[in-house]
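# Structural characterization, general
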Amino acid sequence: LGSLAAGRHTWSWNGTNAAGTTVADGRYTCTLTAVNAVGTVAVLVRLRVDTAPPVAAWRSGSVKVKLGKQLNAAYSVADNESPTAAVTIVASSASGATVASVSRPAVATGVGQRWAFKPKARGRYTVLLGAVDRAGNRQTVVARLVVTVT
């Protein structure tokens, strides 16, 4: 930044190195130094670059459940840079009508999760699972679970 006049200043980083190349996802540190007549103060700032979307997945691609019984479907969300991710689950009937939906704003990544569903009718249901990490990266391919109720 060079020399600046006294007062408040802002700084932003565009995620590139000194050569102008975008850096890889990961953790970085930056040292900000201020010098005046009294002395020098240095502050270490920790930065995180996260451009990769999370990956949410069902443990199984299809399950069967008996009418009147509750399904406890297992899923997980993986993300190397975000400790949590927002998860959306939407269950639809064969006709495409939404029969259940849930949004979970802060699911821990790397930890097994469960979603409970008690279908009200026999048939086939499609359950979609998607995730968005703390950096705003959205899962590109939504995970699909097919539930057959007998």
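Please refer to the structure placed before this passage.
Residues numbered from 1 in each chain as written. Predicted model: local features only at pLDDT ≥ 70, side-chain atom pairs only at ≥ 80, totals over all residues. Heavy atoms only, no water.

## Observations regarding the overall build of the protein chain
- When helices and strands are counted, the protein chain shows zero helices and ten strands.
- Its helices and strands taken in sequence order, the protein chain reads β-β-β-β-β-β-β-β-β-β from the N to the C terminus.
- Computed over C-alpha atoms, the radius of gyration of the protein chain comes to 23 Å, more than 25% over the 15 Å expected from 2.2 N^0.38 for 150 residues, which places it beyond the range of a compact globule.
- Looking at the 150 residues of the protein chain, the share that counts as buried comes to 30%.
- Pairs at least 24 apart in sequence give 59% of the contacts found in the protein chain among residues at least 6 apart.
- About 9,900 Å² of surface is accessible on the protein chain, with carbon and sulfur atoms providing 53% of the total.
- Taking the average place of the 17 positive charges on the side chains of the protein chain and the average place of its 5 negative ones, the gap between the two points comes to 20 Å. (Helix = DSSP H or I, 4+ residues; strand = E, 2+ residues; numbered from the N terminus. Rg over C-alpha atoms; globule rule 2.2 N^0.38 Å. Buried < 20%, exposed > 50% of the residue type's maximum accessible area, 1.4 Å probe, protein only. Contact = heavy atoms within 4.5 Å. Areas by Shrake-Rupley, 256 points an atom, 1.4 Å probe, with all protein chains shown as cover. Lys, Arg positive; Asp, Glu negative; His and termini not counted. Charge placed at Lys NZ, Arg CZ, Asp CG, Glu CD.)

## Considerations on the sheet that holds strand β4 (residues 62-65)
- What the five strands build is an open sheet, ordered β4-β10-β9-β6-β7; its pairing is mixed. Each edge of the sheet is formed by a strand with only one pairing partner; in this case those strands are β4 and β7 (98-108). For this sheet, the mean inter-axis angle between neighbouring strands, taken without regard to orientation, is 20°.
- The sheet contact formed by β4 and strand β10 (residues 143-149) spans four bridges and is parallel. (Pairing = 2+ DSSP bridges. Axes fitted to C-alpha atoms, helices over the stretch in contact; angles between N-to-C directions.)

## Comments concerning the nonpolar core
- Residues W58, Y75 and W115 are the most contacted members of the largest nonpolar core, which totals 23 residues.
- Contributing elements (two or more residues each) for this core: β3 (55-58), β5 (71-78), β6 (84-93), β7, β8 (113-117), β9 (123-133) and β10.
- When sequence neighbours within four positions are dropped, the list of residues in contact with W58 reads A73, A74, Y75, I89, W115, V127, L129, A143, R144 and L145. (Core = buried A, V, L, I, M, F, W, Y, C linked by side-chain atoms within 4.5 Å.)

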